[in-house]
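Architecture at a glance
Below are the chains, spelled out letter by letter.
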Amino acid sequence: MSTSETGLQFTEGVANGEVRYDLEDFIRASGIPPHEAYEMFTKYGPYKSDLDPLIKARADQHMDLMK
């Protein structure tokens, strides 16, 4: 695959909301223990649009438990 094809695919993915996490970036961004982040990443895939709501829901649930 040429560089121009790769750039085009990445641009299309961003335009379609299909931005992906790299596993290491997701672990850092999630703020959850690495083994949990790994399980979530492998179960739900690399897309930010899938993972970000799960992280938010997990954080909201944690805050509810703290009340």
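See above for the structure.
Owing to the predicted nature of the structure, the values given are computational and were not obtained by experimental measurement. (Residues numbered from 1 in each chain as written. Predicted model: local features only at pLDDT ≥ 70, side-chain atom pairs only at ≥ 80, totals over all residues. Heavy atoms only, no water.)

Let us now look at the overall build of the protein chain. Helix and strand counts for the protein chain stand at four helices and zero strands. Each of the 67 residues in the protein chain was classed as buried or not, and the buried ones make up 16%. Restricting to contacts in the protein chain with at least 6 residues of sequence separation, those with at least 24 account for 41%. Accessible area of the protein chain: about 5200 Å², with a carbon and sulfur share of 56%. (Helix = DSSP H or I, 4+ residues; strand = E, 2+ residues; numbered from the N terminus. Buried < 20%, exposed > 50% of the residue type's maximum accessible area, 1.4 Å probe, protein only. Contact = heavy atoms within 4.5 Å. Areas by Shrake-Rupley, 256 points an atom, 1.4 Å probe, with all protein chains shown as cover.)

With that settled, the discussion passes to the nonpolar core. Note that soluble globular proteins tend to have their nonpolar side chains buried in a common cluster. Listed in full, the eight residues of the largest apolar core are Tyr-21, Phe-26, Ile-32, Ala-37, Met-40, Phe-41, Leu-51 and Ile-55. At the level of elements, helix H3 (34-44) and helix H4 (48-66) are the ones that each hand at least two residues to this core. Ranked by residues supplied to this core, first place goes to H3 with three residues. In this structure Tyr-21 touches Phe-26, Ala-29, Phe-41, Pro-46, Lys-48, Leu-51 and Asp-52, once residues within four positions along its chain are discounted. (Core = buried A, V, L, I, M, F, W, Y, C linked by side-chain atoms within 4.5 Å.)

What sets the pattern is the α-helix's 3.6 residues per turn: residues three or four places apart point alike. Residues of H3 that are buried: Ala-37, Met-40 and Phe-41. Projected down its long axis, H3 carries its buried residues within an arc of 100 degrees, all on one side. For H3, the exposed residues lying more than 90 degrees away from the buried face are His-35 and Lys-43. Looking at the packing, one finds that the buried side of H3 touches helix H2 (23-30) and H4. Just downstream of H3, Gly-45 is the residue with a positive phi angle, here 95 degrees. (Arc of directions from axis to C-beta.)

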